[in-house]
Amino acid sequence: MAAPQTEPSPRANSRSLAEKAWAAVREPLDRQLSPLGLRAMAALDPKPGQRVLDVGCGTGQTVIQLAEAVGPAGEVVGIDIAPLLLEIARERAAPHPNVSFIEGDAQTSRLQAESFDAIFSRFGVMAFADPVEAFGNLHRAMKPDGRLAFVCWRSLTENELDLLPLRAAGLEGSVDMTPFAFEDPARVRSVLRAAGFDEIAIEPHEQNVGSGGLDAMLSVVMTVGALGKILREGPSLRADAEEPVRRALAACEGSDGVTLKAATWIVTARASSRGRSAARQRPNSRSAPGAVMRAS
């Protein structure tokens, strides 16, 4: 007798929709997010010959940027839970022999201990089920005095990039706040300290970013981000949202296309020797995967 068919869980469906969405708009989305990632990469300051882990690497733009920074003597490993995005990343990174990928959750994957000089993430760390456990796992994978740098979102109210299209669509009250989980710098500092990091610096950064012209920006905000998540999980809302969002974006169009303010934290820290023994003793969690993938 054939085994009974089981329906995918709502979480699995949501993740699958997100993968397809990010893949569909990867080029204009990279254009939008690249300046923000490069700001965090500059804070990390990777050196030639270093080995770097890119957490939540998505379709691979940041992996390639890091590979160029560490040079042929260095190595970059991208980790992400989304197989479709990793397939794209592998294809894009094929000319770079110093790049490899892991399909897995950075919270639970058994990474080789003390094997990375630095760890980087562009919006790939806000959705961990247990952020202390996740950063503790990353701490174990870092060499003594290794450097961590990531960029994460500040509050929704500070981020015109998400808030303007949400308000135009009248869907501000339906937002999944997961991408803004690190809006409070005190929480970020507490998580990193508990995971064994010190020399923690959290700097505000604001920058107008865009995906190109009006059509490109409209496609991105209605596919990914806070509004995109609502629309892909409630497709019946899309028809009523499109025209008011288009008008709101058109009012922001200039010589560089449509640009909106992104408000982020640039976070840096060091894997302290003080916290290393605690990080080693902390057991690897086996909680449900899904945290590596970007939250929206």
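First, a word on what this report is: a plain description of the structure on this page. (Residues numbered from 1 in each chain as written. Predicted model: local features only at pLDDT ≥ 70, side-chain atom pairs only at ≥ 80, totals over all residues. Heavy atoms only, no water.)

A look at the overall build of the protein chain
Part 1 of the reasoning: Secondary structure summary: the protein chain contains 11 helices and eight strands in total.
Part 2 of the reasoning: Within the protein chain, the fraction of its 296 residues that count as buried is 56%.
Part 3 of the reasoning: Counted over contacts in the protein chain with a minimum sequence separation of 6, partners at least 24 positions apart contribute 82%.
Part 4 of the reasoning: Here the protein chain has roughly 12600 Å² of accessible surface; of this, 50% comes from carbon and sulfur atoms. (Helix = DSSP H or I, 4+ residues; strand = E, 2+ residues; numbered from the N terminus. Buried < 20%, exposed > 50% of the residue type's maximum accessible area, 1.4 Å probe, protein only. Contact = heavy atoms within 4.5 Å. Areas by Shrake-Rupley, 256 points an atom, 1.4 Å probe, with all protein chains shown as cover.)

Examining the side chain of Glu19
Part 1 of the reasoning: With respect to the helices and strands, the residue Glu19 is situated in helix H1 (residues 10-24).
Part 2 of the reasoning: Of the buried charged residues, Glu19 lacks a salt bridge, with Arg15 as the closest side chain of opposite charge at 5.0 Å. (Lys, Arg positive; Asp, Glu negative; His and termini not counted. Salt bridge = Lys/Arg side-chain N within 4 Å of Asp/Glu carboxyl O.)

Looking at the pairing of strand E5 (residues 142-153)
Part 1 of the reasoning: As paired elements, strand E4 (residues 116-122) and E5 share six bridges and run parallel to each other. Among the inter-strand pairings, Ser121 is bridged to a residue of E5, identified as Phe150.
Part 2 of the reasoning: For the segment spanning E4, helix H5 (residues 131-141) and E5, crossover handedness is right-handed.
Part 3 of the reasoning: Of the strand pairs in this sheet, E5 and strand E8 (residues 257-271) are connected by seven bridges, and their pairing is antiparallel. From the neighbouring strand, Arg147 faces E8, where its bridge partner is Arg270. (Pairing = 2+ DSSP bridges. Right-handed = clockwise from strand over helix to strand, strands pointing away.)

Structural notes on unusual backbone geometry
Outside of glycine, negative phi angles account for most residues, and trans bonds account for most peptide bonds.
Part 1 of the reasoning: With a phi angle near 60°, Phe123 is a residue other than glycine that sits in the positive phi range.
Part 2 of the reasoning: One non-glycine residue, Glu199, lies in the positive phi region at around 50°.

Regarding the packing of aromatic side chains
Part 1 of the reasoning: According to the stated counting rule, one finds five aromatic pairs in the structure shown.
Part 2 of the reasoning: Measuring from ring centre to ring centre gives 6.4 Å for Phe135 and Phe182, while their planes differ by 35°; the resulting arrangement is tilted. Of this pair, Phe135 sits in helix H5 while Phe182 sits in the loop between helix H6 (160-169) and helix H7 (185-194), and the two are 47 residues apart along the sequence. Of the two residues, Phe135 and Phe182, neither departs from the other in class, the shared state being buried. (Phe/Tyr/Trp six-rings, centres within 6.5 Å; stacked < 30°, edge-to-face > 60°.)

Structural notes on the pairing of strand E3 (residues 99-103)
Part 1 of the reasoning: Here five bridges tie strand E2 (residues 75-80) to E3, and the two strands are oriented parallel to one another. Across the sheet, residue Asp80 finds its bridge partner in E3, namely Glu103.
Part 2 of the reasoning: Taken together, E2, helix H4 (residues 83-92) and E3 form a β-α-β motif whose crossover is right-handed.

Some words on H7
Part 1 of the reasoning: Those residues of H7 that fall on the buried side of the exposure criterion are Val188, Val191 and Leu192. One side of H7 holds all its buried residues, which, seen down the axis, span an arc of 95°.
Part 2 of the reasoning: Of the surrounding elements, those touching the buried residues of H7 are H5, E5, strand E6 (197-210) and E8.
Part 3 of the reasoning: Between the side-chain oxygen at the start of H7 and the backbone nitrogen of Ala186 there is a gap of 3.0 Å, and the oxygen is on Asp184. (Arc of directions from axis to C-beta. Polar contact = N/O pair within 3.5 Å; in protein donor to acceptor, adjacent residues only side chain to side chain.)

Considering helix H3 (residues 61-70)
Part 1 of the reasoning: Most of H3 is tucked away, with eight of its 10 residues classed as buried.
Part 2 of the reasoning: Listing the buried residues of H3 in full gives Gln61, Thr62, Val63, Ile64, Gln65, Leu66, Ala67 and Val70.
Part 3 of the reasoning: Where H3 is buried, its residues touch helix H2 (26-44), strand E1 (51-55), E2, H4, E3 and E4.
Part 4 of the reasoning: Directly beyond the C-terminal end of H3, a positive phi value near 75° is found at Gly71.

Here we look at the side chain of Asp30
Part 1 of the reasoning: Topologically, Asp30 is positioned in helix H2.
Part 2 of the reasoning: Separated by 2.9 Å, the side chains of Asp30 and Arg92 make a polar contact.
Part 3 of the reasoning: Beyond its immediate sequence surroundings of up to four residues, Asp30 is in contact with Thr59, Gln61, Arg92 and Arg122.

Examining the nonpolar core
Part 1 of the reasoning: Phe135, Phe150, Leu192 and Leu249 are the most contacted members of the largest nonpolar core, which has 92 residues in total.
Part 2 of the reasoning: By residue number, the principal contributor to this core is E8, which donates eight residues.
Part 3 of the reasoning: Once residues within four sequence positions are removed from consideration, Leu249 is found in contact with Leu164, Leu214, Met217, Leu218, Val221, Val258 and Leu260. (Core = buried A, V, L, I, M, F, W, Y, C linked by side-chain atoms within 4.5 Å.)

Thoughts on the packing of helix H8 (residues 214-221) against helix H10 (residues 238-250)
Part 1 of the reasoning: Orientation of H8 relative to H10, taken along the N-to-C sense of each, is 130°, at an axis distance of 10 Å. The angle between H8 and H10 places the two elements in the oblique class. Where H8 crosses over H10, the handedness of that crossing is right-handed. Contacts between H8 and H10 pair Leu214, Asp215, Met217, Leu218 and Val221 from the former with Glu242, Val245, Arg246, Leu249 and Ala250 from the latter.
Part 2 of the reasoning: Among the residues forming the contact of H8 with H10, the class breakdown is seven nonpolar, no polar and three charged. (Axes fitted to C-alpha atoms, helices over the stretch in contact; angles between N-to-C directions. Parallel < 35°, antiparallel > 145°, perpendicular 65-115°, else oblique. Left-handed = near helix turned anticlockwise from the far one by under 90°. Nonpolar A, V, L, I, M, F, W, Y, C, P; charged D, E, K, R; others polar.)

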